[in-house]
Structures are given as C-alpha cells and as structure tokens.
Amino acid sequence: RADLKTYNLEEVGKHDNKQNGIWVTFKQGVYDITDFIEKHPGGPSKIIMAAGSSIEPFWAIFANHNTEEIYELLESMRIGNISKDDAASNAINENDPYSKEPIRHKVLKINGQKPFCAEPPPSLLIESFITPMETFYVRNHLPVPEIDLKTYSLELAIEEVIKKTFKFEDIRKYPKYTITSAIMCGGNRRSEMAQERQLRGLSWGVGAVGNATWTGTRLCDVLKDLGINEDNYNHIQFEGYDLDPSGTPYGASIPISKAMDPRADIILAYEMNGQPIPRDHGFPVRVIVPGVVGARNVKWLARIIVSKEESPSQWQQGDYKGFSPSTDWDNVDFSKAPAIQEMPVISAICKPEHAETIKVVNGKINVKGYAWSGGGRKIIRVDITNNQGKTWYTADLNAEDKNAKEGRYWSWTLWSIDLPVKEGSKEIEIWAKAVDASYNVQPESFKNIWNLRGFVCNAYHRVKVKLEH
Ligand code: MTE
Ligand code: MO
C-alpha cells in the first residue's frame, strides 16, 4: 500500500506505552495496537509484553494466532513498514564499541546494558518447552562481534600450532546433528542468594536459562579428524571473536575426556531452533556443551585449542568458581577452586510470581515452573509445599525430552501442580525442590551455600503469594 510510512526499529521501540501508543512489528509490518489491547481475547497481560517490539516470538508460543483471520485483523491495524537500513544506520555511533549491537526484544528484563545481559519474565519462560530465540536470555561479557559469513573462519590448534582453518562451509560438511538442550548461566537465581548476604554479580532472577534445539557438527568428530591422542592432553579450550579492550578474547575450556565423548553430545552449533543462530547467541557458530554451566558454551567461536592446560581466560581461571560461605574478597584464592563445569540440580517456580495475588479455584491454585540438572541427569521428581514442608505434594512433570537416552537428559523439565491451599488463608509461601536421577536434591536454604560471586544458586525456590478466595 502506497500510504504506508516507513519506520525504523528505534521509533517502533518508543511506542511501548499507552501515552506514545503501543506498536508492534510482525515480519515487515508495523502495527498500532493501542486500542486493541483491552479487547484482546487473551487479556492484556501477554500482548503488552510485545509492546515496541516483535510479536513473532509470542505467536510462536501462542501458536493459535497463526490463522488467516488473525492475520487479517492484524493487517487492519497496520500503519507502516520497518526499514531495515534505517534501523541499522540510525543506531550507529562509531566510537562506542556497543554501537553495532543487535536489536533486542523489549520483553527482556535488562540486568546490564553494556555488555548486554537480559532475561525473560518467569511467566513467559515456562509457556513453551522450546524457548523462542528472541526471548532466550542473553549473557554477554563484551560487545557482540560483527561477523561476515563469507570471511568467517574457525582455527583448530594443538597448543600453539594451528593445524587447520575451517570456513563456515567446512564445518557444515560434517554429519549434521540436532540436540535439544538447556543452557543455564552459573549466576541464575543470584538475586535470591544476594538477599542472604551481599555478593558481587549481576542480579539474575530465575530466567537466566532457556531450552532450545541446537544443530551442527559434533565436536568429537572434528577432534577425531585432528588425530590427537586423548592421553597426551587434558583440556579443549575455546575462544570467541568478542574481544576485550586489550584484544583478549572471551574464552573457556572443558576437560578433554568430555570433549571427545560422543555421548556428551557437544555440538558446534550453527542453528538454534532450526534458524541460523542469532547474533546475540553466537552467530554463526557457538559451542553447546550440554549439562555444563553456560560460561563454557562459547559463542562466536573463533578457535578450538587442544591443550595440556585449561583456558587461560579470566572467565575460566578467575571467575565461575565456587567457595565456602566463609571465603571473602580478602582471603579468596581463585587458583584453589576448580572451575564450575556440570551444574547441580535446580528448580524454580515461575507462575505465580513473587507477591502476585491469585484466585483459589476449588481449594487449589495452579503452580508452574521448571527443573533441570546438569550432567544429563534426568529430573525424576519435583516436590512442592505451602506449609514449610509439613506436607509435600508431587508436581506433574508435563514437558520433558521424551527421546533422551539414559544419562543424556540435556533439556529442562517443565512441571505443574494444582496445589491445595488451606481454606481461608490470605497469604502462603510456596517452596519447590527438585530431585535428579542420582537422587541429588536442592539444598534447603542459601545460608550455607552462599558464595562471594553468587554462583550455583540452587536452594529451594520460595515465592510468597496473596490468595483471593
Ligand atoms: N561466549 C562468548 N564468546 N562471550 C560471552 O560473553 N558468555 C557465556 C557463554 N558464552 C559468553 C559466551 C555465558 S556466561 C553464558 S551464561 C552463555 O554464553 C549465555 O548464552 P546466551 O547469551 O546465548 O544465553
Ligand atoms: Mo553465565
């Protein structure tokens, strides 16, 4: 249509409130949905999350929207088109290393702007077993590198010697594998541990986790072609294309035994949920090390190094390690603790959220969340209480990876329960704890697992909610 105006995404982003009007994008279109919000059959709470951004990830979750009728309804609210060029050129300030960051979805709660760190709201997080890439948490330590597929290369080295240089196409020549795996940041749920005692680290809620499908080449296949003898080395190091101001890349490493094990399902992934990996998540290639702390899943992969040593990176040696609650910044010695690799069992209540008021129906309230354990350990049970553990109820595990093989449960498990509540009670505290296949259970409180950087925050999750009878 000739009367349609062209908008860049920055302008669209400003229309995320009632005063300015509420706009959303869908594919190339820009839509003004201000007057529609209150009439939305699904209620205003979810649709408002798309304000100033794309509705596509929401329609991926609430897929009942993908009908001709709804497309037509949306078209009736169209006010213009997105200009891709404008969006890119408008945002650029040459002196800012963060001037070329991708555009992010507005629903993400930002914990850090530069580097960009953000997580989705809990209630959205558990709406789907597969997390859409637009709403998947982002944890960057540095500016997002700009990478051209045509010139992209991946170096393979043994200690200091480069043995091979792969172009993107060389990586894709290997047999293609798809796995479904969660990634979780070592700092997920840190905000709760910080309430126990002050610590240093970004204030993550329960959303520094996501579950996606990852497609690519198996690391073990690439390493096999290098012809290395596993006994002569100890670690596989990874380096990203993201550089700190001194030119040092983000880096991490994993034990070589893990890296060479075909059952570890480690992937040099070039697709996320069947699409090319988006820039924030490591375009064009990232490592997925299932069951292992997020920090080892190196994005924008530039180099793989077979070595006797662990990665020299700060993020391997001087961070992402756990300590005793009595270790403080005066006596901490990072060289004394091993790097976090496989994660322990954890769970979180995502619905209702803390301080929410909910309606009691037939003496029950619906409670939902996720549970996950590292190392491929299956979640076998999630226990819920609302009376400090006097009575425990077992939640239904209603979404898990049905195809996973023994010891390779990389996905999270979504659970749900209609929890009986005491008649007339005005406020309750709900606790959740998960149990994994090795019968590991979450610790009861943060008191005795507190650590100065706030890692592996896996105590029982507790939320207080108000009840409406
Ligand atoms: N890889 C590179 N190159 N640079 C990074 O900053 N962050 C790591 C890891 N890989 C990071 C990286 C951390 S700490 C986490 S938790 C995950 O990526 C987050 O992955 P996501 O942003 O795709 O969710
Ligand atoms: Mo992380």
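For the structure, check the block above.
Described in the following lines is the structure provided in the data block. All values reported here derive from a predicted model rather than from experimental measurement. (Residues numbered from 1 in each chain as written. Chains lettered and ligands numbered in written order. Predicted model: local features only at pLDDT ≥ 70, side-chain atom pairs only at ≥ 80, totals over all residues. Heavy atoms only, no water.)

Turning next to the site of ligand 1. Ligand 1 sits among 20 residues. The nearest are Tyr137, Asp242, His281, Arg286 and Lys299. Taking arginine 139, its main chain carries an N or O atom lying 2.9 Å from an oxygen atom of ligand 1. Measuring from an oxygen atom of ligand 1, one finds a side-chain N or O atom of histidine 141 at 2.8 Å. Residue assignment for the shell around ligand 1 shows that the elements contributing at least two residues are β8 (138–139) and β13 (235–243). Tallied by class, the residues present in the shell around ligand 1 amount to nine nonpolar, six polar and five charged. (Near = heavy atom within 4 Å. Polar contact = N/O pair within 3.5 Å; in protein donor to acceptor, adjacent residues only side chain to side chain. Helix = DSSP H or I, 4+ residues; strand = E, 2+ residues; numbered from the N terminus. Nonpolar A, V, L, I, M, F, W, Y, C, P; charged D, E, K, R; others polar.)

We now examine the nonpolar core. With 73 residues, the main nonpolar core has Trp214, Leu301 and Tyr370 as its most contacted residues. It is strand β15 (residues 267–272) that provides the largest number of residues to this core, a total of five residues. (Core = buried A, V, L, I, M, F, W, Y, C linked by side-chain atoms within 4.5 Å. Buried < 20%, exposed > 50% of the residue type's maximum accessible area, 1.4 Å probe, protein only.)

So, about helix α9 (residues 219–226). Of all eight residues in α9, six are buried, a share of seventy percent or more. Where α9 is concerned, the buried positions are Leu219, Cys220, Asp221, Val222, Leu223 and Leu226. Two residues or fewer after α9 comes glycine 227, characterised by a positive phi angle close to 65°.

With that out of the way, let us pick up the packing of aromatic side chains. Scanning the entire structure with this criterion turns up 17 aromatic pairs. With a centroid separation of 6.0 Å and 50° between ring planes, the pair formed by phenylalanine 166 and tyrosine 174 is classed as tilted. Residue tyrosine 174 is classed as buried on the basis of its relative accessible area, which comes to 14%. Note on phenylalanine 168 and tyrosine 270: the rings are 5.9 Å apart at their centroids and 80° apart in plane angle, and the pair reads as edge-to-face. Placement of the pair is phenylalanine 168 in helix α7 (residues 168–172) and tyrosine 270 in strand β15, with a sequence separation of 102 residues. Across this residue pair, the class does not change: phenylalanine 168 and tyrosine 270 are buried. (Phe/Tyr/Trp six-rings, centres within 6.5 Å; stacked < 30°, edge-to-face > 60°.)

So, about unusual backbone geometry. Geometrically, the link from lysine 114 to proline 115 is a cis peptide bond, its omega value of 0° lying close to zero. Looking at the element boundaries, proline 115 is found in the loop between β6 (109–112) and β7 (117–119). Geometrically, the link from phenylalanine 283 to proline 284 is a cis peptide bond, its omega value of 5° lying close to zero. Note that proline 284 resides in the loop between β16 (275–276) and β17 (286–288).

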